[in-house]
Amino acid sequence: MSMLTIMTTAVSAKTESKTGPGDVAENSAFSKAVQFVWERGYMNGYADGTFRAENTVTRAQLFQTLYNIQETPSVSGITSFQDVAPDAWYASAAAWSKGTGLTEGTSAGFSANTKLNRQQLVKVMCAYAELTGETLQGGDLSAYKDVDQVAAYALPYIKMAVGSGIINGSGDKLNPAGAVTRGQLAQILYNYFIKAEAAYTSAKRPLLLEGAMGIETTTMIEALTNPVEYTLGQYDYVAGTYHGYPVVVCRTEQGQANAAASTALAMEFFNPVAVINQGTSGGHDPALHTYDIVIGKQSFDGSAWKSGASAKGAGVDYKDIEMQGVYAYDKTAGEFTQQVYYDADATLLAAANAVKGTYTQGSVVNGIIDSCDAWNNQIDRMLYLYETFGSSCEEMETNAVAQICKTYDIPFLGIRILSNTGIYGENFDWKTGAACQSYVLNVAKQYITSYLSSAPGSVTANSQKASLNTQSYDKTQRPILLEGAMGIETTTMISALSNPTAYKLGQWDYVAGTYNGYPVVVCRTEQGLANTGASTALAMEFFNPSAVIDQGTSGGHDPALHTYDIVLGKQTVNYSAWKTIASAKGAGVDFTAFEMNGVYAYDRDKNTFTQSVYHDADPALLKAANAVKSSYTDGSVVEGTIASSNEWNNQIDRMLYLNKTVGTSCEEMETDAAAQICKTYHVPYLGVRILSNTGIYGENFDWKTGAACQNYVLSVAGEYISSNLK
């Protein structure tokens, strides 16, 4: 082999946003893959700006593509094939492929215009993996009915390609002699770089350390030995070792939905042995000051409450709330169960307490971490939460991560440093982020040396396969994903599917089939923002949906609406993502003194996570929903704003105030979290909610509304399929 520079391509590297080819629709089977190769310059398309996904691939095109990926290294001094003219557009690629040993050519030479079949392409991709130092795993071909048609020379390569997820076949066929189109090549390259090169191969399950922002992750990343970057979805991870043990640092991004989604993806990809979520927070406990650290012996969702009912004109009593808790999978019960407080893992908690003496910038105490998307600045409310529910501090991610860890049965600990406390007028100090990380690294070291280094292989061996990799789904056509949180919000849709097949990702349930001849997947997200964020992200990775409709029951805010009326969410809003105006101790709590703060989702145009108060519906989905309004006869169908939070409001003055100032039509617990994930994955989205109750008129919960909403959403799906996908 010639001494040529070989580059291992970084996984899902983020680049400047680049408009994709105009002839590949966003709902087409290869759209995500084409965008991937187009943005990175791996496949450049034609002079007229088209990609021509249906065109077949020649040998020249394949090797030119791989040469582009290697950033066109010099081929000076290398003798090329005899049938390659020096001025041919592929001349350098041909010389490079010969010089590296990637191909020996054919009996006729390079054979630039010879079209490739699937098994020939797979052989080249396996050779490329060897060239770049990537290890591909073997796979089982018993599920494919045409395995006997695979040429003898190609059989080991086909096994590696299937085992590593580079090819998936079409249903139960491999089609080894079939021609390769440009769209298929884009998909194979996408699969290779996302799945094959992204494989995490640590023999031991890593310790996962999390923070939401750069100031909460940089110090931990810098402490890693041999760091390797990964991107799952649009969430960033860095894997390495710390004190000789594998550690992964995850930047969850801010808020409950993001924390849950990024943690669930990490569970599937890295299979961590334990999780520590840490970062900055605001103080509730009057005994604490900036730079003090709270070890979360417990965490809870401070927005998961139910208020006592009060009539119009009675005002809003911020103290009249009962904590309801949030849902996570309980392996003993065998189902998702609701609880208020999530306990820390005893071994992680002991490790954190064992190194308290190493921290000298403030106190280290055991306490209770309050998580929600709100930002409190009214001191009387902070003190009430502390005195009533025991909260030591508030932040936006910890309990969402605790939910996901319980669902996956993974040990968890939350650690938060006070970066500010309004109780004493101590403003945000960004340097607290590094201080907290340094302490957490000491906790990690203690946990590694006192427990993981001597733990049995049954604890640390990284042998379990992710649920994303133990099942398969035919992605020839990208399905529509329909979501509901409970059985009363999913059963009717599932019953409408032809040829239903059940899947389980993590502990979330999905049923795939067809509706009106088009693939549809129904997801039971389970209740709340965190579960919806996680289950939607997993669906994005496994099913690659072309569009998402999140639907279900809700409570009314708009006084023009009644039970059985349906709201088409032209917008959604996380109405617990607010920031209150500061008020002094003794000034009381003014429920009107806030501004909406918004939540974060990945913005492809800006190439970063950005904050938005409202998330807009996809115009084509909204049009389809409006087109079938007349088919619904149980109530009115209106466009409006769907409000999402883990809260359950029963105080009418607060409902009316939210309707008047934020524009909310109804409230529920999932829609905007799904909207965040859809924006992050750049997938069209619509929320649809039926009023199952409205306290404004004393109309109590009617469970039959769940089926009514699903029937309407099936009409919407049918219209969208016929007008946009067929």
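Note that the structure is a prediction, hence the values are computed from the model and not measured.

A word on the overall build of the chain
- Tallying secondary structure elements over the chain gives 19 helices and 28 strands in all.
- Radius of gyration (C-alpha) of the chain: 27 Å, near the 27 Å computed for a compact globule of 726 residues.
- Overall, the C-alpha framework of the chain stretches about 90 × 70 × 45 Å when taken along its three principal axes.
- Each of the 726 residues in the chain was classed as buried or not, and the buried ones make up 59%.
- Considering only contacts in the chain between residues 6 or more positions apart, those separated by 24 or more positions represent 78%.
- As displayed, the chain has an accessible area near 27,500 Å², and 48% of this comes from carbon and sulfur atoms.
- Placing the 47 positive and 70 negative side-chain charges of the chain at their respective mean positions leaves the two points 5 Å apart.

Considering the nonpolar core
- Ranked by size, the top nonpolar core spans 62 residues in total, and within it Tyr237, Phe270, Tyr510, Leu538 and Phe543 carry the most contacts.
- When sequence neighbours within four positions are dropped, the list of residues in contact with Leu538 reads Ala264, Leu265, Glu268, Tyr408, Leu468, Leu505, Gly506, Trp508 and Tyr510.
- Val75, Ala95, Ile166 and Phe193 belong to the second largest nonpolar core, which has 60 residues in total.

Quick word on the pattern of salt bridges
- In this structure the tally under the stated criterion is 16 salt bridges.
- Several salt bridges share partner residues, and in doing so they unite Glu489, Asp550, Glu668, Glu670 and Arg689 into one network.

Re the confidence of the model for the chain
- Averaged over every residue, the pLDDT of the chain is 92; residues scoring 70 or more account for 95%.
- Predicted confidence is poor over residues 1-18, with pLDDT under 50, and the contacts of this stretch with residues over four places away or in other chains come to 54 contacts.

A look at the side chain of Thr680
- Inspection of the secondary structure assignment puts Thr680 in helix H18 (residues 671-681).
- A distance of 3.0 Å separates a polar atom in the side chain of Thr680 from the backbone nitrogen of Tyr602.
- Every residue in contact with Thr680, bar those within four places of it in the chain, is listed here: Gln234, Tyr235, Ala601, Tyr602 and Phe609.

Points about helix H16 (residues 619-627)
- Residues of H16 that are buried: Leu621, Leu622, Ala624 and Ala625. What you see down the axis of H16 is that its buried residues fit within an arc of 160 degrees, all on one side. Seen from the open side of H16, the exposed residues pointing more than 90 degrees away from its buried face are Pro619 and Lys623.
- The inward-facing, buried residues of H16 contact strand E19 (547-556), strand E20 (566-574), strand E26 (637-644), strand E28 (685-693) and helix H19 (705-725).
- The N-cap residue of H16 is Asp618: its side-chain oxygen and the backbone nitrogen of Ala620 are 3.2 Å apart.

Notes on the pairing of E19
- Counting buried residues along E19, 10 of its 10 residues qualify, which places the element largely inside the surrounding structure.
- Here E19 runs beside E28; their pairing, made up of 8 bridges, is parallel. Its bridge partner being in E28, Gly555 is matched across the sheet by Asn693.
- With 2 bridges connecting them, E19 and strand E27 (residues 664-668) associate as antiparallel partners. The residue bridging Gly556 from the neighbouring strand is Cys666, located in E27.

A look at the environment of His557
- For His557, the location among the structural elements is in the loop between E19 and E20.
- You can call His557 buried: its relative accessible area is 0%.
- Sequence separation between His557 and Val34 is 523 residues; the distance between their C-alpha atoms is 43 Å.
- Setting aside chain neighbours within four positions, we find His557 in contact with Met655, Leu656, Leu658, Asn659, Thr664, Ser665, Cys666, Glu667 and Ile696.
- Side chain to side chain, His557 and Thr664 meet in a polar contact 2.7 Å long.
- In terms of polar contacts, His557 uses its side chain to reach the side chain of Glu667, at 2.7 Å.

Observations regarding the side chain of Glu526
- Residue position: Glu526 is located in the loop between strand E18 (518-524) and helix H15 (529-543).
- Reaching out from Glu526, the side chain makes a polar contact with the side chain of Arg524 at a distance of 3.0 Å.
- Excluding its chain neighbours within four sequence positions, the residues that come into contact with Glu526 are Phe336, Gly484, Ala485, Trp508, Asn531, Thr532 and Glu670.

Some points on the packing of helix H4 (residues 118-131) against helix H5 (residues 155-163)
- In contact at an axis separation of 9 Å, H4 and H5 are set at 75 degrees when each is read in the N-to-C sense. Here H5 runs roughly perpendicular to H4, going by the angle between their axes. The residues of H5 that touch H4, namely those facing Gln119, Val122, Lys123 and Cys126, are Tyr157, Ile158, Met160 and Ala161.
- Here the contact of H4 with H5 is built from residues that sort into 6 nonpolar, 1 polar and 1 charged.

Remarks on helix H1 (residues 31-39)
- Counting buried positions along H1 gives 8 out of 9 residues, so the element sits mostly inside the fold.
- Listed in full, the buried residues belonging to H1 are Ser31, Ala33, Val34, Gln35, Phe36, Val37, Trp38 and Glu39.
- Immediately downstream of H1, the backbone of Gly41 shows phi near 75 degrees, a positive value.

Details of the environment of Leu349
- Here Leu349 shows up in helix H9 (residues 346-354).
- Remark: the alpha-carbon pair of Leu349 and Gly718, spanning 369 residues in sequence, is separated by 52 Å.

Quick word on the packing of aromatic side chains
- Scanning the entire structure with this criterion turns up 39 aromatic pairs.
- Ring geometry for Tyr192 against Phe193: centres 4.9 Å apart, planes inclined by 85 degrees, an arrangement best described as edge-to-face. In this pair, the class of Tyr192 matches that of Phe193, namely buried.
- Joined through ring pairs, the aromatic side chains of Phe36, Tyr42, Tyr128, Tyr190, Tyr192 and Phe193 make up one cluster.
- Between Arg52 and the ring centre of Tyr46, over which it is positioned, the NZ or CZ distance is 3.9 Å.
- Its end group placed over the ring of Phe51, Arg182 keeps NZ or CZ at 4.5 Å from the ring centre.

Rules behind the numbers
- Residues numbered from 1 in each chain as written.
- Predicted model: local features only at pLDDT ≥ 70, side-chain atom pairs only at ≥ 80, totals over all residues.
- Heavy atoms only, no water.
- Helix = DSSP H or I, 4+ residues; strand = E, 2+ residues; numbered from the N terminus.
- Rg over C-alpha atoms; globule rule 2.2 N^0.38 Å.
- Buried < 20%, exposed > 50% of the residue type's maximum accessible area, 1.4 Å probe, protein only.
- Contact = heavy atoms within 4.5 Å.
- Areas by Shrake-Rupley, 256 points an atom, 1.4 Å probe, with all protein chains shown as cover.
- Lys, Arg positive; Asp, Glu negative; His and termini not counted.
- Charge placed at Lys NZ, Arg CZ, Asp CG, Glu CD.
- Core = buried A, V, L, I, M, F, W, Y, C linked by side-chain atoms within 4.5 Å.
- Salt bridge = Lys/Arg side-chain N within 4 Å of Asp/Glu carboxyl O.
- pLDDT = per-residue confidence, 0-100.
- Polar contact = N/O pair within 3.5 Å; in protein donor to acceptor, adjacent residues only side chain to side chain.
- Arc of directions from axis to C-beta.
- Pairing = 2+ DSSP bridges.
- Axes fitted to C-alpha atoms, helices over the stretch in contact; angles between N-to-C directions.
- Parallel < 35°, antiparallel > 145°, perpendicular 65-115°, else oblique.
- Nonpolar A, V, L, I, M, F, W, Y, C, P; charged D, E, K, R; others polar.
- Phe/Tyr/Trp six-rings, centres within 6.5 Å; stacked < 30°, edge-to-face > 60°.
- Lys NZ or Arg CZ within 6 Å of the ring centre and 35° of its normal.

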